[in-house]
Every structure is written in C-alpha cells, then in structure tokens.
Amino acid sequence: MPTIEFIASVGWLVMGITVVASACTTEPGPPEVQSAELAAPPRDAAAIQRGRQIYMTGKSPSGGKIEAVLAGEVVANAATLPCVGCHGEDGRGRPEGGMAPSTITWEQLGKPYGGRGRDGREHAPYTPDRLGKAIAMGIDPSGNQLLATMPRHRMSLADMDSLVAYLETLGEHDVIGIDEQVITLATILPTLAPLPESAETSSAAEAVLLAYFAEINARGGVFGRRLELEVIRLPRDLGPTRQVELLAAAWVERPSFAVLAPQLGAAEPELLRWLADAGVPVIGPVSSYPSPGTPPMASVFWVDGGIPAQARTLAEFALKPDAPGRRRGVVVFPDRPPERALAEAVLAIWKPGLIESPGRGPGLIESPGRAPGLIEGLAVAVAIGEDPSSADSLAAELLESKPDIVLYLGPAELGLAALTGFANADSRAEPAQILLPGSLAIGDPFSLPDRLDGRIFAAYPWLPDDLDPAALRDYQTLADRHDLPATGRPTQLATLTSAKLLLEGLMRAGRSVTRPTLVSTLDSLREFETGLTPALSFSPNQHIGLHAPRIVRFDLAATRLDVVDLDPE
Amino acid sequence: MRGSRLRISILAFATAFGCSEPGPSPTRAQSTPSTPSTPSTPEVRQFSRPEQLSEPAQAGPASKVTLPDVVLTNQAGQPVNLPSLVEGKIAVIQTIFTSCGTICPPMGVNFGKLAARVEDQSDVVLISISIDPITDIPERLTAWAGKFSEPGPSIPENWILLTGASEDIRKTLTALRVFTAEKSDHSSMVAVGHHDSGTWTRVDGLSDPETLVRAVADIRAAIPSEPAAKSEPAPNEAALHYFTDVELVDQHGESHRLYSDLLRGKVVVVNSFFTSCQGICPPMTQRIASLEASLGERDDLLFLSLTVDPITDQTEQLAAYAAKYAADERWLFLGGEPENVEIALHKLGFAVEAREAHSNLVVIGKEATGLWKKAFSMAEPEQLLEVVHSVLDDQARPLPAG
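Residues numbered from 1 in each chain as written. Chains lettered and ligands numbered in written order. Predicted model: local features only at pLDDT ≥ 70, side-chain atom pairs only at ≥ 80, totals over all residues.

Undergrad: It is not clear to me how the overall build of chain B should be interpreted in this structure. Could you clarify?
TA: Looking only at helices and strands, chain B has 15 helices and 14 strands in total. Split into buried and exposed, the 402 residues of chain B put 40% on the buried side. Intrachain contacts of chain B at a sequence separation of at least 6 include 69% that bridge at least 24 residues. (Helix = DSSP H or I, 4+ residues; strand = E, 2+ residues; numbered from the N terminus. Buried ≥ 20, exposed ≤ 12 C-beta atoms within 10 Å, placed from the backbone. Contact = placed C-beta atoms within 7 Å.)

This is the structure:
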C-alpha cells in the first residue's frame, strides 16, 4: 500500500509539472530547490558595496538605468525614491503617513518557516532569486502581489545581483565605522612632505585628536565603545579631482563613521561634496572659507563661518550710518573663486543689484550707489601670490578711488604695505575706514600709520571674553599630559572644538547612533557650550554653529583693542 | 517526506508563475471603483485601498474648503497670496516636506507627471505645501521639485511649491483638513477643487496621475455654471418645489399661494394655533402680538398664524380671533381647504395628528437666504425679538440652485 501511494503521489507530481510547464510561458524550467538547504555561497564584498550604493541612492554604480514603476504604470527614476527612503538604513522600515514599509533585514526575510506581511498574509521564505523577483515583479515567494506602494524596479541583471547581495547582509552590520567595541573616526590632513608650512599644524591637529580620544577612552569611551582615529593624508599639490580619487580609494580600504576636523585646503569644496554625497558626517572642517551652500550640504557642520562671515559682518557694520550721505567702499580681494564670490557678496550688501563693469578690466566690479545712505561699491582684485613690491601700485589705485571704506581680503604683507602707503598719501581730513577679517591675521595692524587711529576695525569669530577659563585650563592639562606641541595652538583649539562637538552629537544620539541620527541630532543642537567658543547652534538650514562674529576697534595710541557693541539696544 | 515538501514548493511555484501574468495588471487597477472587491481574490484586494480613497472623485464634491487669506512664499522666494493663487483655477493641492523619505517621493513623482499631463489645461494649478516650513526654505523646495519635474530640473510653470510662516501654514493645513501634529503622520491626501465655487474633493496622492486627472475633470464638471442671481425676482425653483403653491385663505377671505404670495422675498414669523384653543394659544398669540408691535415698518415682514383646525376655523372665526389681538395688515390668520392647510402645516414643520398636540414653537424664516430658525414662543420677548432680528439681518448669499 505505501508503495502505491508513493507512486500515486509521484504521478501527481509529474502531472503537476507538466501542467505548469505547458501553461506557463513566462517562467519555464524546473521548480527551484530551496537554497536554505544549500551551503551559503561565498560573499562578494565588491558586489555588496555596489548593492549598498543602489540601496542608498537608487543609482547604478555602473551608470546604468534603474527605474521604479509605481501604481498605474508610472515610471520614475529610482534615484528619486531609493530603497533607503522607506526601508531605512537598517532595513527595519520607516512608518510614515499611514504607510508601514516592511522590515527587509535578511534575518526576517530568510526565516526558514516563511513570514507574514503587515497585511497579515503569510508567504514562503525568501531566497535571493525570489527577492529579486519581488523587487522586479512585485511578487512575494508565495506568488502574492506586494502592496501597490512598493514599486517594481527595472535594472540590469548585474545591478540586481549586487543589490540582492547587499540585501542578504542587510541588518547584520548596520553602521559603517561602528562595531560593538570601536567607533572609527577619520580626519583628513595634508601630507607632510611637499608643503612644510602646513606640516606643523597638521601634526598638531593629529596629536590633539589622539590625546583627546585617549582621555575619552580612559574614561570608558562613548557608550562603552573606544574612539579610534584614522588619519587620511592628501597631497595638497594635486588637483581636486585627483585628491577626490585618493580619498575614495582610502575610503574603500577602511571607511570610517565620520570625518572630524579635516584640513582640506583648496580642494575643500570637491572633497566635502564627495563625502556629503556618500552620506558621511563631516564635523568641524578647519577652514577659512566655509561654503555650506543653500540649503547646506546635509552632513557637513562648521563651527564658525570663517572669513566670509567676518567680512559680511564688517560690511554690514560699515552700513550703520554714523557717516551720513553717500560713501564709497572698496573691496580688495585675491582673484580666486571663493574670494571673488565673497567680494561680490559684500558689494551686494552695500548696494543690492551690482553691475559688472567690463570697461574696468578683469577683476573690477562696480555698483553705482544711487540711493542715498548706501555705499557705492568697487572691488579691486589683486593677483594671487602678488609680491609686496606691488604694494605701491595698489596704494596708488586706492588713492585714485578715494574710498571712505576699504575692506581688505588680500594677503597680509601686501595689505600692511599698501594700506600704509595709501594712508600716508591720502590728504583727506577723514581718512578711510579699514575693515579686516581677523582670520586673515594681517600681521600687526598696530604698525599702521597713526592717522588711522580709531578707524581700523577687525572681526573675529569670538573674543577672549567669550571663552570659559575652565575649558582653557582643561586644554592646558591635556597639552601637559600628552606633551602636545607648543606650536599651531589655534589649530589645536579649533580641532578640539570640532571634537567636542562630535562627541556631544554621539552622546546625544545614543548608543544606536547611525549617520542619519547623528546628522539629525546635530541639526537640532542649540546653545551647545564648548567653552572654547561662544555657544554653538545649528538647524537644518544653518550648518555654521556661530552666527555673530565680534568686531573690535584698534586704538593705535594705547595699543589696545576696544570691543564694538553691535547691538547697543 | 521529501516528496511532500517538493510538492508544496511546486504548488507555490505554480501559483506564482503558472497561470497569472506576472506583475500587477493594469486592468485590475482601473476596474470600476464602485464594485466592492471580492475578498477571495488576493490580487484584487491589493488595489482596493487607493480605489476606495479615490472614490469621492467619482462621487462628486465631498467637502467645502475655504482657503485662509494668508501670504505664503513660493519656490522662487516670492510672496504669494493663497486665495489669489487659486482664483478662477482648479487647484490640485498636496502637502509634503522635502526631508520625507517614504510617501513624499512617490507623491512628487505623481505631481511631476501630472504637471506635464495637464500642461495644456490652463485652468489647472498644482500646489505642494510644505508641512515643515522652518526647514523647507525656497531653495529646498526648488531642489525637491526639480528632481520630479519632467524633463527637469526646471519646475513647470503650473506647479507651485509653498512654504511660509508656521502659523499661516497651520491655518492652511487646517482648512484643507490635513493638519497633523507630527509631520511623519502627515496625510498623502490630495485636495482637488475649484476655489471660487468652493467645490472640492479629495484623492489619495499615491494613486496614479490619471486618477488625479479624472478628479480634475470631475471638479470641472461639477462647477456651477453661474452663481444664482442675487435679485429677488428670480423664483427659487427648489423652494417652490418644496413649499408648493397651495392656496390658503386669510381672515379677510382672501386667497394666497403659499410660496409665491406668502414666502417669496419675505421674512415670515410663523406659528400654529386654533381659535377654540384654551391652553397655550392665547398667551402665545399675545406674545406674537407684542412682538409684531415692537417691530417697525418693513414691507418684507409677514406674520402667519396657521390653524391646525381648518374645519372649525372658517373665515369668520379667524376674523374674530384676529380682531381680538388687533392684528394689522401684515398679520394673517390662515385657514382654507383642510388638505391644503395640511400640506402647508407639514411643509412648515407644524403637522400634528391631533389639534391639541400643536406646536408652541415659532418658525422665523427668510426665503431669500434660506435661513430658517425655530424659537420657543413663550421665551422672553427680548430673546424672541433677537432671533427675529437675526433672521431679518441675514445677509448670506442666495443658495445655488439644485
């Protein structure tokens, strides 16, 4: 009897196969064997990496097309709705607006006894092939249609294989750069060899970070995890594109959770763009020309606004009408893109609606100040690396322009010489106001001619009275204990400030921190006291923590700085 | 053991790929929405949600929306008055925020497609309102919509994105009935409507652009052609149909048609009584007499007292009763053919089985504005007067026909 039953069941089976095979033209071939019974194939790390990119961005690493097909056969570029939007970085789903996207960690999908969707329907366990079919055709392993809100996707077979390879790892290791024991943080510094002048600050920054991490680790780390520093050194003499390639290569080798206090030099915009596109949080780049953009790059946070913020504050200060009537302002800037953009921004503050004047040659922008009370602006470009001997011609040009205000963004040595020459030759009763962003460190303004007494103003991100003496003592203790170099102290303090900011973000985001939660934590950080700066505040549209540079007036006679109260009320 | 497991897997295989065409079938998605889905067919059930939600589009105007008079900011940073933006237009309004990952991207895709689809319909404007106005500065709105615009990244002219002061955004969302405290709870609903006539409907924003196109067409069809004329002469057909022109006879023996002579263009104070009533009628009639006396000269004001006993109350009885309360010309005591009186009582809300059960309420109504109020006849005279004045002063626009 058992034999007959066996034969009968085999016969039924054969019939079943025949029926299936004849009825179905779309999917010929034998039924799949459950892969759970087979040994797991070896993992392909490169494929997983490519798959992660598809999951995070909806873009194909090979540049191919990936399309999402929505309800009603609406075809969209998958980059506008990548997997991560609904399913989250951890694959656990982000409920929103009445939608509850499924948990798609492999642990969940691959359960040998199948699963149950949020609609209550059961389905057989997923295999890699079946997962691909779900993504491409919207059908679960039991043949049920997935909810209409899950798009179907069209992509190359190679991309699908990469994506599925990544999905098989989803939920295992959620966060790059963090494991049970260690948070790996990177800093990016210039190489030591070709540019010796930056080597000093570079090694000082590395030393202060190592010292600070050692202190934190000695106290038990962050939620039981040690902080480890990964130093990436990029040669400053290479072009931005090449530096981005080197960074990308180093990153594949050993990705970190976040980048802390990088010193990126001229390639800063390109390097930060690459990091931001990869979703890497970058905390406190040590930078003179921060350019967050509007809206700011989502994952990059600056401590202070650098020279642009100081120059804007000075430009607005000059508008305050203690001198009535029309005045003429001149901006002197080195002819490089960030400085040129800043010069244009200053002219726009003085006189909105500036006009490019082709007649005055390259580097000259003129805005006719027609309205009373506004400043008629003129920008004078100086060549990069211009040697101080050209100070005479700059002084002559200034003299000819008869400015009431000079905002100087150029190199220090040239500035001191040219402004001295200009002030000495200027016979007007009221000499010009001189405005200097403090971060340019224009040598010794006290050496300028006495005629300018009370007419030299400088802006700084903060003044000594903004700092907490206890925090400075803490730094001194750290420096003594770890034998920090005595040089590059401003860079050390700036680096330490960035590190304090990142630590605050990590503490507030909690032990289950991810890159997105760190970013949203910092986005909502208000009035954070670093002790080494005034309090920092951020918002999604404000990624520079300090908003109000301070202004001082140089009292040349008494060799003293007087703080200018910008809000007398 | 092995055989049976294999069989299960074949069965699953057959269900999945054997007999049905892979991928969702568009015919299912477009099946008649009014037909309820068959619960035994899982594929059909998948699509039931968006269809049910979009049903009001077919069912006609579902809600009345009055957009607040607020000034918001568009994606170019320019101030925009919301009502003027939608004046004379059919507006398709969704609520989004640019950092939303789950439902907003598909809603953005749909609006991008819809903007291209209705490009030639100059009376249609698409509006995306940010529910996170503090974060969503114009630059973010521009970048967001640029991703979904076709061909992009420039945003088509018929698609406006709005941010603004939190308070103004809250008012707008409340008017659209999509306000939520948590932005992650926000609705995928799209409001489709004609601002000028207040004709609105709601559609699920996750349904495809064609559903939105149909909703726009439905709204266009539902817009009243011309607002009803304000002047009195035009008879209100609906009111005539309701009240009818049954003939009633007053205390002077004169006949009046109920709607055309007694209600149209008038403000009426109506009560029911019978002349032989010894209970509530005398004090009630007394109250009405003093109310009538306290109201000044107005040629549109009429007092109507309907008898609930038209067999007993003939013209003589009514005349005697009127004389007792010194009723003047604008106070009519009405009787007539019993079936006519029955209809009039019924239409005015005074119908009763037995005459003793008659109402002690006064009904005050203004046909021109369609405002009708009830008052307790024995209320304080000042209160009664106040109700009458509120009806007399009613300035609401005439109801549209139909």
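Continuing now.
Undergrad: I tried to follow the overall build of chain A on my own but got confused; where do I start?
TA: Across its full length, chain A carries 16 helices and 19 strands. The buried share among the 569 residues of chain A stands at 40%. At a minimum sequence separation of 6, the contacts of chain A that also span at least 24 residues come to 63%.

Undergrad: For this particular structure, what's the right way to read the sheet that holds strand β3 (residues 90-96) of chain B?
TA: Strands in a sheet are paired, the pairing made by backbone hydrogen bonds, and the direction either parallel or antiparallel. Residue and element names in this part refer to chain B. The strand order across the open sheet formed by seven strands is β2-β1-β5-β4-β3-β6-β7, and the pairing between neighbours is mixed. Edge positions in the open sheet fall to β2 (79-81) and β7 (199-204), since each of these has one partner strand only. Put simply, the sheet's adjacent strands are angled 35 degrees from each other on average, direction ignored. Pairing of β3 with strand β4 (residues 124-130), which is carried by seven bridges, proceeds in the parallel orientation. From the neighbouring strand, Val92 faces β4, where its bridge partner is Leu126. Contacts from helix α9 (residues 209-222) reach β3, β4, β6 (189-194) and β7, with the element oriented near 165 degrees to β7. (Pairing = 2+ DSSP bridges. Axes fitted to C-alpha atoms, helices over the stretch in contact; angles between N-to-C directions.)

Undergrad: Just checking my understanding: could you explain unusual backbone geometry for this structure?
TA: It is generally the case that most residues other than glycine have a negative phi and that most peptide bonds are trans. Cis peptide bonds are those with omega within 30 degrees of zero, and the linkage from Thr294(A) to Pro295(A) qualifies with -10 degrees. By secondary structure assignment, the location of Pro295(A) is in the loop between β9 (282-283) and β10 (300-301). For the bond from Glu150(B) to Pro151(B), the omega torsion is 0 degrees, close enough to zero to count as cis. Positive phi, normally seen in glycine, also occurs at Ala261(A), with a value near 45 degrees.

Undergrad: What's the story with the sheet that holds strand β14 (residues 371-376) of chain B in this structure? I'm lost.
TA: Residue and element names in this part refer to chain B. Strand order in this open sheet of five strands is β12-β11-β10-β13-β14, and the pairing throughout is mixed. Each having just a single partner strand, β12 (331-334) and β14 make up the two edges of the open sheet. Averaged over all adjacent pairs, the angle separating strand axes in this sheet is 20 degrees, with direction ignored. In terms of strand pairing, strand β10 (residues 267-273) meets strand β13 (residues 361-366) through four bridges, oriented antiparallel. For Val268, the partnering residue across the bridge sits in β13 and is Gly365. The sheet contacts of helix α12 (residues 281-294) involve β10, β11 (301-307) and β12, and relative to β10 the element is tilted by about 165 degrees. Relative to the sheet, helix α14 (residues 338-348) contacts β10, β11 and β13, its axis offset from that of β11 by approximately 120 degrees.

Undergrad: How should I be thinking about the nonpolar core in this particular structure?
TA: Where a protein is soluble and globular, its nonpolar side chains tend to be buried together. Of all hydrophobic cores here, the largest spans 77 residues; its most connected members are Val92(B), Leu126(B), Ile127(B), Val192(B) and Val216(B). Setting aside its immediate chain neighbours within four residues, Val216(B) contacts Ile90(B), Val92(B), Val118(B), Val124(B) and Val192(B). Among the nonpolar cores identified, the runner-up in size contains 53 residues, and Ala258(A), Val303(A), Ala509(A) and Leu522(A) belong to it. (Core = buried A, V, L, I, M, F, W, Y, C linked by C-beta atoms within 7 Å.)

Undergrad: Quick question: what am I supposed to make of the environment of Ala470(A) here?
TA: Residues and elements named next belong to chain A. For Ala470, the position within the fold is in helix α14 (residues 469-482). Using a count of 9 C-beta atoms within 10 Å as the deciding quantity, one classes Ala470 as exposed. Considered as a pair, Ala470 and Gly531 are 61 residues apart in the sequence and their alpha carbons are 7.6 Å apart.

Undergrad: When you look at the confidence of the model for chain B in this model, what are you seeing that I'm missing?
TA: Should pLDDT be low for a region, the predicted coordinates there are not to be read in detail. Residues and elements named next belong to chain B. On average, residues of chain B score 79 in pLDDT, and 80% of them are at 70 or above. In this model residues 398-402 is a low-confidence stretch, pLDDT under 50, and it forms 13 contacts with partners more than four residues away in sequence or in other chains. For this predicted complex, the interface confidence reaches an ipTM of 0.72, while the overall pTM sits at 0.66. (pLDDT = per-residue confidence, 0-100.)

Undergrad: What's the story with the confidence of the model for chain A in this structure? I'm lost.
TA: Residues and elements named next belong to chain A. The predicted model of chain A has a mean per-residue pLDDT of 82, with 82% of residues at 70 or higher. In the model, residues 1-39 has pLDDT below 50 throughout and makes 29 contacts with residues more than four positions away in sequence or in other chains. Predicted confidence for residues 353-373 stays below pLDDT 50, and this span has 37 contacts to residues more than four positions away or in other chains.

Undergrad: I would appreciate a short explanation of the pairing of strand β1 (residues 71-74) of chain B in the present structure.
TA: For a regular strand, side chains alternate in direction, first toward one face of the sheet and then toward the other. Residues and elements named next belong to chain B. The pairing of β1 with β2 spans three bridges and is classified as antiparallel. If you follow Leu72 over to β2, its bridge partner there is Val80. Of the strand pairs in this sheet, β1 and strand β5 (residues 159-163) are connected by two bridges, and their pairing is antiparallel. Across the sheet, residue Thr73 finds its bridge partner in β5, namely Thr163.

Undergrad: Just checking my understanding: could you explain the packing of α12(B) against helix α15 (residues 381-392) of chain B for this structure?
TA: Between two packed helices, the angle of one axis relative to the other and the distance separating the axes together describe the packing. All names here are of chain B. The contact between α12 and α15 brings their axes to 10 Å, and the two run at 55 degrees. Looking at the two axes, α12 sits oblique to α15. The way α12 lies across α15 gives a crossing that is right-handed. Together, Arg287, Ser290, Leu291 and Ser294 of α12 and Pro381, Leu384, Leu385 and Val388 of α15 make up the contact between the two elements. Taken together, the residues that form the contact of α12 with α15 break down as five nonpolar, two polar and one charged. (Parallel < 35°, antiparallel > 145°, perpendicular 65-115°, else oblique. Left-handed = near helix turned anticlockwise from the far one by under 90°. Nonpolar A, V, L, I, M, F, W, Y, C, P; charged D, E, K, R; others polar.)

Undergrad: Got a minute to help me understand the packing of helix α6 (residues 104-117) of chain B against α9(B) in this structure?
TA: All names here are of chain B. Where α6 meets α9, the closest approach of the two axes is 9 Å, and the angle between their N-to-C directions is 50 degrees. Of the possible angle classes, the one that applies to α6 and α9 is oblique. For the pair α6 and α9, the crossing hand works out as right-handed. On α9, the residues that touch Asn110, Lys113, Leu114 and Arg117 of α6 are Pro209, Leu212 and Val213. Split by residue class, the contact of α6 with α9 holds four nonpolar, one polar and two charged.

Undergrad: What's the story with α14(A) in this structure? I'm lost.
TA: Think of an α-helix as turning once every 3.6 residues; residues three or four places apart then point the same way. Residues and elements named next belong to chain A. Along its 14 residues, α14 runs 20 Å from first to last C-alpha, staying within 8% of the 20 Å computed at 1.5 Å per residue. With respect to burial, α14 is a largely exposed element, only one of its 14 residues being buried. In the stretch just after α14, Asp483 is the one whose phi turns positive, near 55 degrees. (Expected span 1.5 Å × (residues − 1).)

Undergrad: Teacher, can you tell me more about the pairing of strand β2 (residues 74-77) of chain A here?
TA: Residue and element names in this part refer to chain A. Across four bridges, strand β1 (residues 67-70) lies against β2 in antiparallel orientation. If you follow Val69 over to β2, its bridge partner there is Val75. Taking the residues between adjacent antiparallel strands as the criterion, β1 and β2 are bridged by three residues, where Gly72 takes a positive phi near 80 degrees.

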